[in-house]
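Descriptive analysis of the structure
Take a look at the letters that make up each chain.
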Amino acid sequence: MVNKIIKFIGMAAFVVIIDQIIKSFVSGLKEPICLIGTTVKITFLKNYGASFGILKNQTWLFILFSIIVIAAIIYYYKKIPDEYFIWIALILGGTIGNFIDRLRFAYVIDFMDFTYWPVFNIADVALILGAGVIIYKILKGKEPCNKAKGKRKGSKKTSRKKK
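Residues numbered from 1 in each chain as written. Predicted model: local features only at pLDDT ≥ 70, side-chain atom pairs only at ≥ 80, totals over all residues. Heavy atoms only, no water.

Moving on, we get to helix H2 (residues 59-75). Taking 1.5 Å per residue, 17 residues should reach 24 Å; H2 reaches 24 Å between its end C-alpha atoms and fits that length. Considering only its buried residues, H2 is in contact with helix H1 (2-26) and helix H3 (85-105). (Helix = DSSP H or I, 4+ residues; strand = E, 2+ residues; numbered from the N terminus. Expected span 1.5 Å × (residues − 1). Contact = heavy atoms within 4.5 Å.)

Encoded structure:
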């Protein structure tokens, strides 16, 4: 059990540390750094909203939401199935990484710029990867509607009488 906690905290901490180190480096950039032509760049961007810039200037809302997510993960930690363990740790690390920015600056530092996609950061990658894999695993275990033939798992098919 202790080993599992250390791995969980270690994964989340790794995301937070890498995210914050890179953000501290890029926050001093005056000009973008081109990595692959002008298509892939490191750019300093202040994001006052959520993904894709939605809900701008709602910092209090994002701080509250982050607190709820962090508290829920901590509260339900013992109930996390092993198959979701690492992905929840990534979500925790990503949430904390962006939460720190919002507390410090009232915005999130984004820096990964692929020109044709909104600018994002390491915390965003961890959040999307963690949530994406969990959603995939949940959907993968579901039976397609066309194969279920109208039956629900564990229930008997009953006919309804018309009134």
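In this model, the largest pocket occupies a volume close to 660 Å³. Together, 27 residues line the largest pocket, and Ala50, Ser51, Asn98, Asp124 and Leu127 are the ones closest to its centre. Secondary-structure elements contributing two or more residues to the lining of the largest pocket are H2, H3, strand S3 (108-113) and helix H4 (122-140). Of the residues assigned to the lining of the largest pocket, the class counts are 16 nonpolar, 8 polar and 3 charged. (1 Å grid on protein atoms, 1.4 Å probe; cavity = no way out; pocket = protein on both sides within 12 Å on 5 of 7 lines; lining within 4 Å. Points joined across faces, edges and corners; volume = space filled by probe spheres on them. Nonpolar A, V, L, I, M, F, W, Y, C, P; charged D, E, K, R; others polar.)

Take the sheet that holds strand S1 (residues 33-36) next. Either a parallel or an antiparallel arrangement is found when strands of a sheet pair, and the pairing is made through backbone hydrogen bonds. Pairing within the open sheet is antiparallel, and its 3 strands lie in the order S1-S2-S3. Looking at the sheet topology across the chains shown, the edges are occupied by S1 and S3. For this sheet, the mean inter-axis angle between neighbouring strands, taken without regard to orientation, is 30°. Running at roughly 85° to S3, H1 makes contact with S1, strand S2 (40-47) and S3 of the sheet. (Pairing = 2+ DSSP bridges. Axes fitted to C-alpha atoms, helices over the stretch in contact; angles between N-to-C directions.)

A few words now on the packing of aromatic side chains. What the rule picks out here adds up to 7 aromatic pairs. A centroid spacing of 4.9 Å and a plane angle of 65° characterise the contact between Phe8 and Tyr77, whose relative ring orientation is edge-to-face. Taken together, the residues Phe8 in helix H1 and Tyr77 in the loop between H2 and H3 connect sequence positions 69 residues apart. The same class applies to Phe8 as to Tyr77, namely buried. For the ring pair Phe105 and Tyr107, a centre distance of 5.3 Å and an interplane angle of 20° mean the geometry is stacked. (Phe/Tyr/Trp six-rings, centres within 6.5 Å; stacked < 30°, edge-to-face > 60°. Buried < 20%, exposed > 50% of the residue type's maximum accessible area, 1.4 Å probe, protein only.)

Before going further, it helps to examine the pairing of S3. Remember that side chains alternate between the two faces of the sheet whenever the strand is regular. Burial of S3 is extensive: 5 of the 6 residues sit out of reach of the surface. Pairing analysis gives 5 bridges linking S2 to S3, with the strands arranged antiparallel. Looking at S3, one finds that Ile42 is bridged to Met112.

Further remarks concern the nonpolar core. Phe8, Ile73, Ile80, Ile88, Leu92 and Ile134 are the most contacted members of the largest nonpolar core, which totals 21 residues. At the level of elements, H1, H2, H3 and H4 are the ones that each hand at least two residues to this core. Filtering out sequence-adjacent residues up to four positions away, Ile88 remains in contact with Phe8, Ile73, Ile80 and Ile134. Grouped together as the second largest cluster of nonpolar side chains are 7 residues, Val26, Leu29, Tyr107 and Ile109 included. (Core = buried A, V, L, I, M, F, W, Y, C linked by side-chain atoms within 4.5 Å.)

The next subject is the packing of H1 against H4. Across the interface, H1 lies against H4 with an axial gap of 8 Å and an inter-helix angle of 150°. With respect to H4, the axis of H1 lies roughly antiparallel. Only Ile122, Ala123 and Ala126 of H4 make contact with H1, whose side of the interface consists of Val15, Ile18, Asp19, Ile22 and Lys23. Its residues placed into classes, the contact of H1 with H4 shows 6 nonpolar, no polar and 2 charged. (Parallel < 35°, antiparallel > 145°, perpendicular 65-115°, else oblique.)

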